[in-house]
Amino acid sequence: MASIENMIKWFKDREGKVTYSMNSRLGPNSYDCSSAVYFSLIAGGFLPSGTGIGNTDSLFALEGSLLTAVSRSSVKRGDIFVAGYKGSSGGAAGHTGVFLDNQNIIHCNYTKNGIATTPATNWMGDYSGLPVYFYRLKGATPTFKYKVDDVVYIKNNATHYFNGDLISDNDKKLAGKVTGVKYDDTGRNGEHNLVFVKQVQTPTIINHWTLERDLEKWSPTTTYISNGEIVKFKAAAQRTVEGTLLTSDQKSKSVKKVDTTDIAPVNVGTGTSYRKYKLEGISGWIYETDVQK
């Protein structure tokens, strides 16, 4: 499949090293906005080598075959923008470039005299009142913000899982491991090529796909205890991760050897530990916050 990262790499390799020119636009030392986008599309494998280097109007003509229109709010890395009036956007009457994320673009432009990274707002042609169109490339290798085993939590402003079910306030309080990622091109909710992350929280298992945009990565705030170390229960310890009550006899045997460590639920609001341990002689997982060295 074609590669968004290779397309962006073409831009990054030339950022700050080439100049802007509408007359000498075929490289290797200078480009204009549309020639740079065309060369990057070839480098990314979206267009075959030897493709004629067009302009913004010829980019508009790729809508439906290579480009799928998306909303401004759904724009993500690798999407492109084309500004101007369709059919009359050539020369200085249009502009184009590639999104690095929802808020930033890389493009060859007159003001910076070459390829540069800038904010999207007021740099796409919108500053001069031109209409701006946003497109997703067909056939791209999906890129995922998160990978399996990353620890993530659901953002407070998230409302629904992909299947339409409401996200409960309780689900937003706990974080867990990503257990799978997938790419979707159904265009649900007016958007296209969305990435979904399936999240597992223990003891609650979330059996829904979650929009990537509704997740954040969780950073640890505690000091880890390693396998093989000796720990003892804290007085306040009450239950295993699975919910089984700890007996007085279990807690009175003061020292336990750590056999295994893994991810446990996180209370995002309070910063509760997100590590859990298997201890010798104990059935079930134990929260990090319930033991000490």
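Each remark here, short or long, concerns the structure printed above.
Residues numbered from 1 in each chain as written. Predicted model: local features only at pLDDT ≥ 70, side-chain atom pairs only at ≥ 80, totals over all residues. Heavy atoms only, no water.

Novice: Quick rundown of the packing of aromatic side chains? Include the residues and the values.
Specialist: Applying the stated criterion across every chain yields a total of eight aromatic pairs. Summarising the aromatic geometry, the rings of Trp-10 and Tyr-31 are spaced 5.2 Å apart at their centres and angled 80° between planes, so their arrangement reads as edge-to-face. Of this pair, Trp-10 sits in helix α1 (residues 4–14) while Tyr-31 sits in strand β2 (residues 30–31); the two residues are 21 residues apart in sequence, bridging distant segments of the chain. Like Tyr-31, Trp-10 is buried. The interplanar angle of 55° and the centroid separation of 6.0 Å between the aromatic rings of Phe-99 and Phe-134 together place this pair among those described as tilted. With Phe-99 in strand β5 (residues 95–99) and Phe-134 in strand β8 (residues 132–137), this residue pair connects regions lying 35 residues apart in the sequence. Residue Phe-99 is classed as buried on the basis of its relative accessible area, which comes to 0%. What makes Phe-134 buried here is its relative accessible area of 11%. Feature note: the residues Trp-10, Phe-11, Tyr-31 and Phe-39 constitute an aromatic cluster, connected by ring pairs. Geometry around Tyr-133 places Lys-86 over its ring, the cationic atom sitting 4.5 Å from the centre. (Phe/Tyr/Trp six-rings, centres within 6.5 Å; stacked < 30°, edge-to-face > 60°. Helix = DSSP H or I, 4+ residues; strand = E, 2+ residues; numbered from the N terminus. Buried < 20%, exposed > 50% of the residue type's maximum accessible area, 1.4 Å probe, protein only. Lys NZ or Arg CZ within 6 Å of the ring centre and 35° of its normal.)

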